[in-house]
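What follows is each chain in one-letter form.
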Amino acid sequence: MPDQVTLTVNGTSVSVPAGATVAVAVAIARQACRKSVTGEPRGPLCGMGICFECRVAINGRAHSRSCQILCEPGMEVSIDE
Amino acid sequence: MSREEERHFDVLVIGGGPAGIAAAVRAAECGVQVGIVDDNATLGGQIWRGSLENGPAPDALHWLRSLQKLGVTELSGMRIFDQPDTGIVRAEGFEGSCELRYRYLMVATGARERFLPFPGWTLPNVMGAGGLQAMVKAGLPIRGRRVVVAGTGPLLLAVAAYLHEHGAEIPIVCEQASWGSLARFSAALLAHPGKIGQGIKLKRQLGRVPFVPGSWPVAAHGRERLESVEILRHGRREMIPCDYLACGFHLVPNIEFPSLLGCKIQGGYVQVDEFQRTTVDGVFCAGEPTGIGGLELSLIEGQIAGLTAAGAVASARKLFGSRNKAVSFSRMMDRTFQLRTELRTLPSAETIVCRCEDVAYSRLQGHTSWRAAKLHTRCGMGPCQGRICGPATQFLFQWQPDSVRPPTFPVRVESLASVTEHRGASALQQ
Amino acid sequence: MSPGFDAVVVGAGIVGAACADELAHRGMRVAIVDRDVVGSGATAAGMGHIVVMDDSEAQFVLTRYSQQLWQALRPSLPRDVEYEQCGTIWVGADEEEMAEVRRKQKYYVARGLPAEVIDAKALKQLEPNLRDGMTGGLLIPEDGVLYPPCAARFLVERAQQRGAKLILGTSATQIGEGRVALSDGTELRAEVLVNAAGSWSGELTPGIEVKKRKGHLLITDRYPGFLRHQLVELGYLKSAHLVSGDSVAFNVQPRQTGQVLIGSSRQYGAEQKNVEHNILARMLQRAQEYMPGLGALSTVRTWTGFRAATPDKLPLIGPACHDKSVFLATGHEGLGITTSLATAKILVNQIMGVPSEISIAPYLPSRAPKEKVHA
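The following paragraphs examine the structure supplied in this document. (Residues numbered from 1 in each chain as written. Chains lettered and ligands numbered in written order. Predicted model: local features only at pLDDT ≥ 70, side-chain atom pairs only at ≥ 80, totals over all residues.)

A word on the overall build of chain C. Of regular secondary structure, chain C possesses 10 helices and 19 strands. For 375 residues, the compact-globule estimate of 2.2 N^0.38 gives 21 Å, and the C-alpha radius of gyration of chain C, at 20 Å, lies within 12% of that figure. Principal axes of the C-alpha set define a box for chain C whose edges measure 65 × 45 × 40 Å. Looking at the 375 residues of chain C, the share that counts as buried comes to 56%. The long-range share in chain C, meaning contacts at least 24 apart out of those at least 6 apart in sequence, stands at 74%. (Helix = DSSP H or I, 4+ residues; strand = E, 2+ residues; numbered from the N terminus. Rg over C-alpha atoms; globule rule 2.2 N^0.38 Å. Buried ≥ 20, exposed ≤ 12 C-beta atoms within 10 Å, placed from the backbone. Contact = placed C-beta atoms within 7 Å.)

In structure tokens, the structure reads:
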């Protein structure tokens, strides 16, 4: 069984298999990654780091492309607004 | 502050997909110093993307082992964003940026999916076909979820088969190409028996999943996320409840960096000679940026480029025959999966076309060029730098893209602040 | 044959647009010609600031007058013009610069422009992302920023509502003697021809001293709250003042979108559009010296533009020396957006033979040339 990694997404604790991306963690938490310029909820589109729809703030760093970032224990992920 | 580093290579490969890996391996086998750069955490690009479950793609395994055995320097998690001078590119990673010097550059930047706007396409859980597959490979649970697969291109079947294998329920695969086009394609496949074998295998994997040519999505519905997809099929609309929509309209080559280098672009692809050399001295290009051709062609082109750069020209020549065969297959694909004009009528006035800046379709109509639209509506001024809305508006309005400026990808200000010109310096003199 | 026009304006940048708007407002039948789209030259490239400058008395008068015109126009401006009265802070890094801050404040206040000296502590509160150790600054609350291409489009549309005709995608190849020859082979005739062609105005009116002065810019992704005011280093004037060589100066601006716009650079003799790595890097290093946090922000794109520069740093507004039908409205360097409205007013006043609110003498094309300082 793969190891699990625990992190928080918008304050909620989420457990994912080690090696999963932050975008997956956000999806498992049933959250949107970001709010668009006019306030629409958005999630990953291209899955390869090009569309920028998967952006979240990770440990305070804004505009992090979550589909290319692996989850680490204790990461604090929040919606990019 | 960025960490300043400098690395030197005889051959530097940009892009860790099949073309790049093949180029790196063949060049390294000839004994030259090779480096390969890719922005993902592990090599493989898109088609060879590894999965959480199974590790690297099976096809890729022996190539990846060769890479390691040959001592090729792998620079993962790094993006090339600029060329300050001949023989030098700059790359940014999560922590810092660095300078990479080369004698020969292999551009193997691959392709991305083409997205076309339609009402509701911005809802969470509407993704590209390759996009959803990438997410599943990265750990997204898909067992028992309903996924409508739609759009165009061979990727759809491959993705549908993959998702099906992993327990997704697939109510339908909508291919916008007509039965006629596909029948001609299948007949022409007789010249490519290997492909027929692949096709049969996919069909078997898909079992009873309905594959419907001549159909396409017209709207995605849902409040906070996708709840159902409306498709058009034989002139009739059908509503299909689902959890995900995997929708992509074939592929667009990633030609931004070669454009910045000054490589001649012909018909939207990087122009290369029979040795995969671009019009810029010392720069090769292999794989999708020279023409959407799929895995086999990418591997052949990558090898030709790598061998040529390393001086093994005779060996490179030996591959010309198999390349010609693979090219004819890729041309067939282009014709088969051409976009039908009805797809231009999909967006409504309020449909968002530029997702970064939330610019609606109605605001874009009436502008005569990409540049005018950009200036007056901000379309294309977001972080995707027009990679998503560019191909869409090119299809909708026939706009031609702008010239490319550095950075070819959003990077931190400090990474650009570290760029300096080196007059006359080149890897050869090092 | 062309329909009857009283005036033809060549150039639909911010200055041409403002002139066309004012001409139409005063009842003239106007044609506007541009070879590209509205607001596509320096108007598209610039920082869009509305800023009062005091490099000379004449510059102060023109910028202040025009700033007030923008304030009056503000209620009519549509949302996409993104007008924001964010104010400017001229930042001081040492005691010498604080002395300059105090001098400027006296100068401005004596002329009725609100200006407040702020100390290091107040500066840190107003702009927490400035590095420690700044000595203070000068706050000009009435300065602002806007998005120029949409401002130009607004002015052109207003002119069109009064009957002005917009001709895009054709260049003017020759102007003079009441005629504008166009590259499509046609010709426009009018008694009044306005050369508002910015950094290309010297091609249309030979002998005028307008040279291209290249600038680089960078815009970041959205970081709302990172920056509240336009910030300029006091050395900016030294940079703008230099008449040869390349220079950079710290100048950042908050956009309404939350993006940070970073400038500024000046080069003479650089006529290619390409982004030059050296000068871009220098500009960004300078910006990081003042605001270290800029380094971590994500860049969305960089670009260049050409300012239209004159030897004495003042624009050319008034009749051309050689031809009764040609009027100049060009040479605005880095103050095109700011002074566009005032330019239009004093130009059209001259065309109609009526006096202006400010003295027009310093901007007349016929003014006595100062020593030629262009390289």
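Don't stop here, the text continues.
This part is about helix α4 (residues 154-165) of chain B. Residue and element names in this part refer to chain B. With 12 residues, α4 should reach 16 Å at 1.5 Å per residue; the first-to-last C-alpha distance of 17 Å fits that figure. In terms of burial, α4 is largely enclosed, as 10 of its 12 residues are buried. By the burial criterion, the buried members of α4 are Pro-154, Leu-155, Leu-156, Leu-157, Val-159, Ala-160, Ala-161, Tyr-162, Leu-163 and His-164. Here the buried face of α4 lies against α3 (129-137), β9 (147-152), β10 (173-175), α6 (193-206), β15 (244-249) and α10 (320-336). Of the residues flanking the end of α4, it is Gly-167, one or two places downstream, whose phi is positive at about 90 degrees. (Expected span 1.5 Å × (residues − 1).)

So, about the environment of Gly-263 of chain C. All names here are of chain C. Relative to the helices and strands, Gly-263 is located in strand β16 (residues 259-268). For Gly-263, a count of 25 C-beta atoms within 10 Å corresponds to the buried category. Along the primary structure Gly-263 and Val-232 are separated by 31 residues, whereas in three dimensions their C-alpha atoms are 9.5 Å apart. When residues no more than four places from it in sequence are discounted, the contact partners of Gly-263 are Met-47, Gly-215, Leu-217, Asn-251 and Met-283.

Residue and element names in this part refer to chain B. Relative to strand β6 (residues 97-107), strand β1 (residues 6-14) runs parallel, the two being bridged by 8 bridges. Counterpart to Val-13 in the pairing with β6 is Met-106. The pairing of β1 with strand β2 (residues 34-38) spans 4 bridges and is parallel. Its bridge partner being in β2, Val-11 is matched across the sheet by Val-34. Considered for its hand, the β-α-β crossover made up of β1, helix α1 (residues 18-29) and β2 is right-handed. (Pairing = 2+ DSSP bridges. Right-handed = clockwise from strand over helix to strand, strands pointing away.)

This part is about the packing of helix α1 (residues 14-25) of chain C against helix α10 (residues 336-352) of chain C. Residue and element names in this part refer to chain C. For the pair α1 and α10, the least separation of the axes is 8 Å and the interaxial angle reads 35 degrees. The two elements α1 and α10 cross, and the hand of that crossing is right-handed. Across the interface between the two elements, Ile-14, Val-15, Ala-18, Cys-19, Asp-21, Glu-22 and Leu-23 of α1 pack against Gly-336, Ile-337, Ser-340, Leu-341, Thr-343, Ala-344, Lys-345, Leu-347 and Val-348 of α10. Counted by class, the contact of α1 with α10 contains 10 nonpolar, 3 polar and 3 charged residues. (Axes fitted to C-alpha atoms, helices over the stretch in contact; angles between N-to-C directions. Left-handed = near helix turned anticlockwise from the far one by under 90°. Nonpolar A, V, L, I, M, F, W, Y, C, P; charged D, E, K, R; others polar.)

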